[in-house]
Amino acid sequence: MSRGRVETARFGTVLAALLSALAGAVVLSTATGPVSIPFGGFVDAFLRGGDGTPARILLSLRLPRALLGVLVGGALASSGVAFQALLRNPLADPYILGVSGGAAVGALTVALFLSADASPVLPLCAFLGAAAAALSVFLLARRRSGVSPERLILMGVVVGAFLNAVIMLMVTLSPPGKIPGALYWLMGDLSLGTPRRVAVLLPYVTAGSAVLFLLSRGLDLLLLGDSEAFQAGLSVERVKTATYLTASLLAGSVVAVSGLIGFVGLIVPHGARALVGSGHRRLLPAAFLLGAAFLVVSDLIARTASPSGELPVGAVTALAGAPFFLYLLRRNGGRS
Amino acid sequence: MNPALTARKVEFRYGDRDILRGVDIDLFPGEVTVLLGPNGSGKSTLIKILSGVLSPRAGDVLLCGRPPRSFPRREMARLLSAVGQDPPVDFPMTVEAYVALGRFPHQGFFGGTTSEDREQVARALDLTELAALRGRALSEISAGERQRATVARAIAQGATVMLLDEPTAFLDIRHRVAFYEVVTRLAETCGVAALVASHDLSLCAEYGERIVLLSDGAVAAQGRPERVLTPENVRAAYGVEVACDRNPATGAIRVTPLRARPPGVET
Ligand SMILES: Nc1ncnc2c1ncn2[C@@H]1O[C@H](COP(=O)(O)OP(=O)(O)O)[C@@H](O)[C@H]1O
Ligand SMILES: [Mg+2]
């Protein structure tokens, strides 16, 4: 068997393992909760389409919540992969670039100050916020000689800090009744109104992930650096713009629906790279599945760990993520 | 024969510093042209302009009769490949995957990997003696091996014009010779027009049909090795004293640096 085929077979195995892990996480998450549901409840809900209380808990609370975790985790991880390729920097993620902050400002503007129920357009406004932040970071980092990844990250950190201040200002100045909800949302949460949020997010995540996957060869070439990618035949500016917009759309729509969930976009790409390597045709699907499983499990921990109530899932991802990230960095000698 | 690539009166500035001042160059199919010149003379800048990465301030570049930037990107990359001076140090892929990136102009975003792609990659790895290292990470091989991988990627690209920026800088003598053998063979068998920026004064005289000597952003001399590699030209460009004679074994020009002697000391 040729090396290529061995690798493809190995990739298939990894993908199957990731899929099973994700399925397991979803099942576990659906089965776990304050109300214990007998096996009959599952049969009733999934096979007979029943409408007893257990079936309703499963179908309108737990399953949508797990699916939301899948979409959010997958989208954050994919967006992280894209930003890391774009900036050729393993530290890049939607947070460091100010993209998430911009999305939060966009979403908060609508949620706090405009109409009562704006949820269908929230992702769009968050995307506009994300794109505006991404664009200003890009323009600020730009020089006549081009855009260096280092400057981009520097500007991202500056713009991100500024946006964080804006977020705090907005929350402080918002109508009093809305403050606790807004704060909780900012810390990242998957708990409320899930079926509708899944429906809102699904098209954005599907389209965004599909576009990134179609760009994957271009992302490989971007790793060469701008001049070499250009000489190898890539329309560098176009691919970069498309990647930037798509990754911002993914991150922005996720922030709109579930607030600021950190660390997934940063660490999951590294974990996925350790499993399948850096070629984006393999990395993107692997990162999506790994991110999805990671977030579903994190959310399960968030809602079961503390007896006094739910933790924000963003706190769990950071608590679990930071040590895992350090472990990866040390194991790979800081290369991945 | 028509040149595959021409540049006329090319000028370029970084800021307000003149880097290239009216450079003319022609690359012909089947011919290896060696670009000599001291550090900072503008070799890399010229190669970036010829490959369309930089636009000249004045003058024209024509690839097969058209400005490089007028081609769709992939079409241009099928005609011209270029390798920069710095091999990517921590590129996160295997040697083989890296070399396979050279096939992008033939595949595009959505095309699969064909048997032709696989053959070209295997051939490029063979020509650069990298077949045994194909599964290794690019970050885990030596600088010279990495440099050969960049050349392999350009070969896999299969273009008729190849621009190579100091591709032998990190190579040992065996791989230096092998490199010149390979480009010469590509020129003879595939009609490749190659431009090789180099500091191998004597070795390139063995292989380069034509030498262009760049000095301070202008062509100081060009033509056959015996015309370009004279003590006067080398002194003017590099500021070193050399002796130029014929290598008795091959008949090619041989350039030998002479030891600087303190003034007034006779030998
Ligand atoms: N990005 C840059 N910005 C400003 N000056 C540059 C840049 N790159 C190269 N130069 C200058 O242009 C001149 C030519 O450089 P280069 O083409 O790299 O020379 P060579 O390849 O012959 O060593 C040098 O004086 C160098 O300092
Ligand atoms: Mg140079």
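Residues numbered from 1 in each chain as written. Chains lettered and ligands numbered in written order. Predicted model: local features only at pLDDT ≥ 70, side-chain atom pairs only at ≥ 80, totals over all residues. Heavy atoms only, no water.

S.K.: Help me get a handle on the sheet that holds strand β4 (residues 58–63) of chain B, residues and values and all.
M.R.: Residues and elements named next belong to chain B. Ordered in space as β2-β1-β4, the three strands form an open sheet in which the pairing is antiparallel. Two strands in the sheet have a free side with no partner beyond their single neighbour: β2 (17–27) and β4. Averaged over all adjacent pairs, the angle separating strand axes in this sheet is 25°, with direction ignored. Note that strand β1 (residues 5–14) and β4 share five bridges and pair antiparallel. Following the sheet pairing, Arg8 is matched in β4 by Asp60. (Pairing = 2+ DSSP bridges. Helix = DSSP H or I, 4+ residues; strand = E, 2+ residues; numbered from the N terminus. Axes fitted to C-alpha atoms, helices over the stretch in contact; angles between N-to-C directions.)

S.K.: Talk me through the coordination of the magnesium ion (ligand 2); I want residue IDs and the actual numbers.
M.R.: A four-donor tetrahedral metal ideally has 109.5 degree angles, and a six-donor octahedral metal ideally has angles of 90 or 180 degrees. Residues and elements named next belong to chain B. Taken together, the protein ligands of the magnesium ion (ligand 2) are Ser44 (OG) and Gln85 (OE1), with distances of 2.0 to 2.4 Å. With Ser44 in helix α1 (residues 43–50) and Gln85 in the loop between β5 (80–83) and α3 (95–100), the pair connects residues that are 41 residues apart, well separated along the chain. On the basis of relative accessible area, Ser44 is assigned to the buried category, the value being 19%. The class of Gln85 is partly exposed, set by a relative accessible area of 31%. (Donors = N, O, S within 2.8 Å, 3.2 Å for Na, K, Ca; no water. Buried < 20%, exposed > 50% of the residue type's maximum accessible area, 1.4 Å probe, protein only.)

S.K.: Could you give me a rundown of the confidence of the model for chain A, with the residues and numbers involved?
M.R.: Summing up the model confidence of chain A, the mean pLDDT is 84 and the portion of residues at 70 or higher is 92%. For chain A, strand β2 (residues 146–147) of chain A is the element with the lowest average pLDDT, namely 68, and helix α9 (residues 216–222) of chain A is the one with the highest, namely 95. (pLDDT = per-residue confidence, 0-100.)

S.K.: Lay out the packing of helix α4 (residues 99–113) of chain A against helix α11 (residues 236–258) of chain A with the relevant residues and their values.
M.R.: Helix packing for two helices is described by the angle between their axes and how far apart those axes are. Residues and elements named next belong to chain A. For the pair α4 and α11, interaxial distance at closest approach is 9 Å and the crossing angle is 50°. Viewed along their axes, α4 and α11 adopt a mutual orientation that is oblique. For the pair α4 and α11, the crossing hand works out as right-handed. Counting all contacts with α4, which are made through Val99, Ser100, Ala103, Ala104 and Ala107, the residues of α11 involved are Ser248, Ala251, Gly252, Val255 and Ala256. Of the residues belonging to the contact of α4 with α11, the class tally is seven nonpolar, three polar and no charged. (Parallel < 35°, antiparallel > 145°, perpendicular 65-115°, else oblique. Left-handed = near helix turned anticlockwise from the far one by under 90°. Contact = heavy atoms within 4.5 Å. Nonpolar A, V, L, I, M, F, W, Y, C, P; charged D, E, K, R; others polar.)

S.K.: Let's hear about the sheet that holds β5(B): which residues, and what values?
M.R.: Residue and element names in this part refer to chain B. Pairing is mixed across the open sheet formed by six strands, whose spatial order is β5-β6-β7-β3-β8-β9. Here the strands that pair on one side only, and so sit at the sheet edges, are β5 and β9 (218–223). Between one strand and the next, the sheet's axes are offset by a mean angle of 15°, whatever the strand orientation. Pairing analysis gives four bridges linking β5 to strand β6 (residues 161–165), with the strands arranged parallel. By the bridge assignment, Ser81 is partnered in β6 with Met162. This element, helix α10 (residues 231–238), spans β3 (32–36), β8 (210–215) and β9 of the sheet and lies at about 35° to β8.

S.K.: Can you break down the site of ligand 1 residue by residue, with the values?
M.R.: Residues and elements named next belong to chain B. Around ligand 1, the surrounding shell consists of Tyr14, Arg17, Ile19, Pro38, Asn39, Gly40, Ser41, Gly42, Lys43, Ser44 and Thr45. Arg17 places a polar side-chain atom, nitrogen or oxygen, 2.8 Å from an oxygen atom of ligand 1. The contact in question runs from an oxygen atom of ligand 1 to an N or O atom on the backbone of Lys43, over 2.8 Å. With the chains in place, 64% of the 560 Å² that ligand 1 exposes on its own is no longer accessible. Of all the secondary-structure elements, those providing two or more residues to the shell around ligand 1 are β2 and α1. (Near = heavy atom within 4 Å. Polar contact = N/O pair within 3.5 Å; in protein donor to acceptor, adjacent residues only side chain to side chain. Areas by Shrake-Rupley, 256 points an atom, 1.4 Å probe, with all protein chains shown as cover.)

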